[in-house]
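Geometric and topological summary
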Amino acid sequence: MGLFTLVPNYTLGTWLGVILPSAFVAYWVVWIVYARTLHPLSAIPGPFWASISRAWYVKQILSGDMEKTQRRLHSQHGPLVRIAPNEVACADISAIKMLYRAQNPLRKSDFYSVWGNPGISKHPDYFSVLDENVHSTRRRIVNQVYSLSSVLKSEKFIDGCSKLFCERLGEYVDAAKVFDLGEWSQWYAFDVIGELFYADQFGFMKNSEDHDSWIKSLDTLMPPLCVTAVSASYVRPLILCSAITIPAARHALKAIDHIVKAAKHCVSDRAKRFEVSKDPGVPQRQDLLQQFFDIMREKGEKLDFGIHEIELEAYVALFAGSDTTAIALRATFYYLMKHPAVMREAQSELDAAAAKGELSNPVQFAEANKLPLLCATIKEAMRLHPSVQLTMPRHAPRGGLQIAGTYIPEGYRVGLNAAVIHYDKGVFGEDADQFRPQRWLEENATNMDKHMLHFGAGTRTCIGKNISLAELHKLVPTVLLNFDIKMAHEEPWTTNNLWFSKQGKLNIVATRRT
C-alpha cells in the first residue's frame, strides 16, 4: 500500500478551506498551552502576547517606546519580565556582574549579528561578533588606539569641530534664527569622526547639510534592522526582503554602500600617504587612523591586521560613532535647558575657572574634567537618557542562572536595559526619575557609578566610549561658556527608540554671553 493511498482524496478547496486552517489553529492552541504552562519560562510574568510570540516585541519596537513599556512592566511585575517566548528582561541590579562579566563572559544572542557588515573584512566587528574568544582576541589588537590618552592626541582636531560648531551657532544668533540643536549635534559628531578616522571633517557643519544623506540613510535603515534583530531567526530573511521593496530603504542601502566605499577610499588614500610618511622628514598626522596603520606596519602580519581591518574600523566609526554621541549631547543640553537653575550653576562654575585662567576656549578635556558640576551634569543626562535603550541580551550559560530568585535554564536569553536600571530608586535615590546632577557630588556616587550601563558593561563595553566622552566634555562647556541657550518652544522633546533612542524637537534660540 503506497503512502498516498493513506491520504484521503480531498479536494483542493477542502485542503485550503478546512484542513490547513484547522491544522494552523491546532498548532497555535498546542503552542499557547505549552508556552503558558509547560515552557521553562512560563512562571515568569509578562504580557500574554509576549509569552507566545516575538510579534509583541516587534510591535513595541515599531511604537518606539520600549523603554517606557519595560519600566511600566517591571513596576507591575517585579524584577523579571518575559518579553518574548525565550527571552527575559531583568531589572535586578545584582544581575549586572552576573550577565556582563569581565571573566568567562556570557555569549551574546543573535540580536547583534544583524548589525554587522561581513563584506569588508574576513573578521567581524566588535559589536556584532558573537564568539567571545574571537571578540577578545581581535579587540585586544586595537584597544590602545581607543584609550582616552590616545583619543586626546587628536584633541586639536576635535577643537576645530567645536570652533566651527560655535561659529555656526553664532551665525544663527546674529540672524535671530532658530537653531536645530538635534541636527547640529549629529553633524558635529560626524565631523569629529571625519577628523579622527578620515583626516578631515566631512563637511556636515561647513556646508550646513546632511553630507551625502548619510544620516537620512541610517535613520531609514534603523527600523527594519531593529525589527529584524528582535524577530525570530526564521522570519528575518522575509523582513529584510520586504524592506528592500520600499524605495526609501533601497536608497538607504545604496547610501550605506556608499559609506562603505567612502571608508575604503579614505583608507586607500591614507595608505598612499602612509608610504610617503615613512620618510623621517615627512610629519605624520597623529589621529586614530594613523595609529591603525602603525599597528599594521609593526605587527599586522603577526596579528592578521591589514588594510581590510582598517577599513572595517573606519566603517564602524561611521555607522555607529555619531548616533551615540549626538544622543548624549542632546540629552545634556535638553536637561540643562529644562532646568535653567542648574545651567546657571554650571555656567558660574565655568566662569570662575575662566577667571582664574584655568579654561581655554575651546575648552580642553583635562580642564573640563576638573569641573565637578559639569561632569555631574553630563553623567546625569546619560543616566536619564542613555543612548541605547533596549535590553542587551545574553544566553544563560551551561547549568543556567539563578537571577532574582528564579532559575533561567541554559540557552535562554536574559538582559538588562540601561533605561530601566538607571531609574532604580534603591541605587539612585527616591528621585531617580528626576534630573539632579548634584547626586553625583554626594557620598553615594561611587556606588551609583557601578550601576551605570550607558556604555554597556563587562568585556563588551563600548569601544568608542572615550571618543564620545571627549566630545561631550569639550563641546558642552564650550557652548555654555559662550552662549545662553533655551528651547524655542514649550513642547517636550520626542524620542524614538530603535536601539539608539534618538530625540527630536530640539529647536533652540541662543544669545552670546559677555
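For the chain, the name recorded in an unreviewed UniProt entry is Cytochrome P450 oxidoreductase, with Pseudovirgaria hyperparasitica as its organism. Among the UniProt annotations of the chain, the heading Cofactor (unreviewed entry) holds the following wording: "heme".

Thoughts on the nonpolar core
By size, the foremost hydrophobic cluster in this structure holds 145 residues, and its most contacted members are Phe165, Phe197, Phe292 and Trp499. Excluding anything up to four places from it in sequence, Phe197 contacts Tyr146, Cys266, Leu288, Leu289, Phe292, Glu313, Ala314, Ala317 and Ile467. Counting eight residues, the second largest nonpolar core, distinct from the first, contains Phe428, Trp440, Ala445 and Met448.

Here's the deal with the packing of helix α16 (residues 323–338) against helix α17 (residues 340–355)
Here α16 crosses α17 at 110°, and the two axes come no closer than 5 Å. On the basis of their axis angle, the class for α16 and α17 is roughly perpendicular. Where α16 abuts α17, its residues Leu336, Met337 and Lys338 lie against Pro340, Val342 and Met343. When grouped by side-chain class, the residues that make up the contact of α16 with α17 number five nonpolar, no polar and one charged.

Comments concerning the environment of Val145
Its location among the elements puts Val145 in the loop between α6 (132–142) and α7 (148–151). Under the relative-accessibility criterion, Val145 is labelled buried at 4%. Remark: the alpha-carbon pair of Val145 and Ser387, spanning 242 residues in sequence, is separated by 23 Å. Apart from the residues within four sequence positions on either side, Val145 is in contact with Ser150, Val151, Leu288, Gln291, Phe292 and Ile295.

Quick notes on the sheet that holds strand β2 (residues 87–90)
Here we have four strands laid out as an open sheet, ordered β1-β2-β7-β4, and mixed in their pairing. Two strands lie at the open edges of the sheet, namely β1 (80–84) and β4 (392–395), each paired on one side alone. Recorded for the sheet is a direction-independent mean angle of 30° between the axes of neighbouring strands. Bridge analysis of β2 against strand β7 (residues 413–416) gives four bridges, and the strand direction is parallel. Within the sheet, the bridge partner assigned to Ala89 lies in β7 and is Gly415. Strands in contact with helix α4 (residues 66–77) are β1 and β2; relative to β1, the strand with the most contacts, it is inclined by about 135°.

Things to note about the packing of helix α9 (residues 181–198) against helix α23 (residues 465–482)
At a closest axis distance of 11 Å, the pairing of α9 and α23 adopts a crossing angle of 120°. With respect to α23, the axis of α9 lies oblique. Of the two possible hands of crossing, α9 and α23 adopt the one that is right-handed. Residue-level inspection shows Tyr188, Ala189, Val192, Leu196 and Phe197 of α9 in contact with α23, the latter providing Ile467, Glu471 and Leu475. Class assignment for the residues of the contact of α9 with α23 results in seven nonpolar, no polar and one charged.

Regarding the domain arrangement of the chain
It is common to report an interface's size as the accessible area lost on association of the parts. Considered domain by domain, the chain is made up of domain 1 (1–38) and domain 2 (39–512). Each of domain 1 and domain 2 has a C-alpha centre, and these two points are 48 Å apart. With eight residues of domain 1 at the contact, the number on the domain 2 side is nine residues. Taking both sides of the interface into account, the surface hidden between domain 1 and domain 2 amounts to around 710 Å²; carbon and sulfur atoms contribute 57%. By the criterion of area lost to domain 2, the three top residues of domain 1 are Trp31, Ala35 and Arg36, representing 59% of everything that side buries. Taken together, the connections running from domain 1 to domain 2 amount to zero salt bridges. Put simply, domain 1 and domain 2 have five residue pairs in polar contact (both at pLDDT 80 or more) between them. In terms of residue class, the side of domain 1 that touches domain 2 is made up of six nonpolar, one polar and one charged.

Brief notes about the pattern of salt bridges
For the coordinates displayed, the defined rule picks out 23 salt bridges. A salt bridge links Arg297 to Asp294; the shortest N-O distance between them is 3.6 Å. With Arg297 and Asp294 both in helix α14 (residues 288–303), this residue pair falls three residues apart, about one helical turn. Judged by its relative accessible area of 39%, Arg297 is partly exposed. Judged by relative accessible area, which is 14%, Asp294 ranks as buried. With a closest N to O distance of 3.2 Å, Glu298 and Arg297 form a salt bridge.

Side note on the packing of aromatic side chains
This model, assessed by the stated rule, comprises 33 aromatic pairs. Judged by centre distance (3.9 Å) and plane angle (5°), the rings of Tyr334 and Trp493 are stacked. Residue Tyr334 is located in helix α16, and its partner Trp493 is located in the loop between β8 (483–487) and β9 (494–498); the two are separated by 159 residues in the primary sequence. Residue Tyr334 is classed as buried on the basis of its relative accessible area, which comes to 7%. One aromatic cluster is present, formed by Phe165, Tyr172, Phe179, Trp184, Trp187 and Tyr188 through successive ring pairs. Between Arg71 and the ring centre of Tyr423, over which it is positioned, the NZ or CZ distance is 4.2 Å. Stacked on the ring of Tyr112, the Lys or Arg Lys108 has its end atom at 3.9 Å from the ring centre.

Digging into the side chain of Arg168
When you line up the elements, Arg168 lands in helix α8 (residues 155–174). When near neighbours in sequence (up to four residues on either side) are disregarded, Arg168 contacts Phe179, Trp184, Met205, Lys206 and Ser208.

Rules behind the numbers
Sequence positions are assigned chain by chain, starting from 1 and proceeding in written order. Side-chain atom pairs in this predicted model are given and counted only at pLDDT of 80 or more, local residue features only at pLDDT of at least 70, and totals for whole chains, interfaces and linings cover all residues. Heavy atoms from the whole structure form the basis of all side-chain values; hydrogens and water molecules are not counted. UniProt positions are given in the numbering used here, feature names are shortened, and annotations may be inferred rather than shown by experiment. In this description, a nonpolar core means a group of buried Ala, Val, Leu, Ile, Met, Phe, Trp, Tyr and Cys residues linked to one another through side-chain atoms lying within 4.5 Å. Burial here depends on accessible area, computed with a 1.4 Å probe over protein chains only, as a share of the maximum for the residue type. Under 20% is buried, over 50% is exposed, and the range in between is partly exposed. In what follows, residue pairs with any heavy atoms lying within 4.5 Å of each other are defined as contacts. Fitted lines through C-alpha atoms give the axes, limited to the stretch in contact for helices. The angle between two N-to-C directions lies from 0 to 180 degrees. We count a stretch as a helix when DSSP gives it H or I for four or more residues in a row; a strand needs E for two or more, and each element gets its number in order from the N terminus. Each angle receives one of four descriptions, namely roughly parallel if under 35 degrees, roughly antiparallel if over 145, roughly perpendicular if within 65 to 115, and oblique otherwise. Each residue gets one label: Ala, Val, Leu, Ile, Met, Phe, Trp, Tyr, Cys and Pro are nonpolar, Asp, Glu, Lys and Arg are charged, and the others, such as Gly, are polar. Only strands that DSSP links by at least two bridges are regarded as paired with each other. By definition, any crossing whose near helix is turned counterclockwise from its far helix by less than a right angle is left-handed, and any crossing with a clockwise turn is right-handed. Delimitation of the domains relies on an automatic or database domain assignment. Two parts placed together each lose some accessible area under a 1.4 Å probe, and the buried area is that loss summed for both. We define a salt bridge as a side-chain nitrogen of Lys or Arg found within 4 Å of a carboxyl oxygen belonging to Asp or Glu. What qualifies as a polar contact is a pair of N or O atoms within 3.5 Å, subject to a donor-acceptor requirement within protein and to the restriction that residues adjacent in sequence count only when both atoms come from side chains. Stacked, tilted and edge-to-face are the three classes applied to pairs of Phe, Tyr and Trp rings, where Trp contributes its six-membered ring and a pair requires centres within 6.5 Å; stacked means planes under 30 degrees apart, edge-to-face means over 60, and tilted covers the rest. Either the NZ atom of lysine or the CZ atom of arginine qualifies as a charge over a ring when it sits within 6 Å of the ring centre and within 35 degrees of the ring normal.

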